[in-house]
Amino acid sequence: VQAVEETEDGLDVYVSDQMILHLGTDTQLLAGPGTTGEAALTDIVPGTRLLSWYSVVGLSYPAQAAPEKVMLFPSS
């Protein structure tokens, strides 16, 4: 994660210069190996590593997606 911006519906997560993930209350958050407790949107900060599942990517620049699931890993 490079940057995080709070929105009306949740978070916009900038994972690179070329991808934005839109996360909301309907996004299933999973705690990855090396994390403690349940995952929450507030755990997503710059440096967090994510694995995300989405089926559609908007063909804009930067690309945008609304993942169904996101797994959080601690920052390295």
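Everything below is about the structure printed above this text.
A. Molecular detail of the overall build of the protein. On a plain count of helices and strands, the protein comes out with zero helices and seven strands. Against the compact-globule benchmark of 11 Å for 76 residues, the protein has a radius of gyration of 12 Å, which places it among compact chains. By its C-alpha atoms, the protein is 35 × 25 × 25 Å across when sized along the principal axes. With 76 residues in all, the protein has 28% of them scored as buried.

B. Spatial organisation of unusual backbone geometry. In the segment running from tyrosine 61 into proline 62, the intervening peptide bond is cis, with an omega of 0°. Looking at the secondary structure, you find proline 62 in the loop between strand E5 (49-53) and strand E6 (63-65).

C. Structural context of the sheet that holds strand E1 (residues 3-6). An order of E1-E2-E3-E6 is seen for the four strands of this open sheet, with the pairing classed as mixed. Whereas interior strands pair on both sides, the edge strands pair on one side only; in this sheet they are E1 and E6. Neighbour-to-neighbour, the strand axes of this sheet turn through a mean angle of 20°, independent of strand direction. Inspection of the sheet shows strand E3 (residues 19-24) paired to E6 by three bridges, in the parallel sense. Within E6, the position partnered with methionine 19 by the bridge is alanine 63.

D. Structural context of the side chain of aspartate 12. Position of aspartate 12 relative to the elements: it lies in strand E2 (residues 10-16). A distance of 2.5 Å separates polar atoms of two side chains, one belonging to aspartate 12 and the other to histidine 22. Not counting the four nearest positions on each side in its chain, aspartate 12 is found in contact with Ala3, Val4, Glu5, Thr7, Ile20, Leu21 and His22.

E. Fine view of the environment of aspartate 43. Checked against the element boundaries, aspartate 43 lands in the loop between strand E4 (28-31) and E5. Judged by relative accessible area, which is 37%, aspartate 43 ranks as partly exposed.

Thresholds applied
- Residues numbered from 1 in each chain as written.
- Predicted model: local features only at pLDDT ≥ 70, side-chain atom pairs only at ≥ 80, totals over all residues.
- Heavy atoms only, no water.
- Helix = DSSP H or I, 4+ residues; strand = E, 2+ residues; numbered from the N terminus.
- Rg over C-alpha atoms; globule rule 2.2 N^0.38 Å.
- Buried < 20%, exposed > 50% of the residue type's maximum accessible area, 1.4 Å probe, protein only.
- Pairing = 2+ DSSP bridges.
- Axes fitted to C-alpha atoms, helices over the stretch in contact; angles between N-to-C directions.
- Polar contact = N/O pair within 3.5 Å; in protein donor to acceptor, adjacent residues only side chain to side chain.
- Contact = heavy atoms within 4.5 Å.

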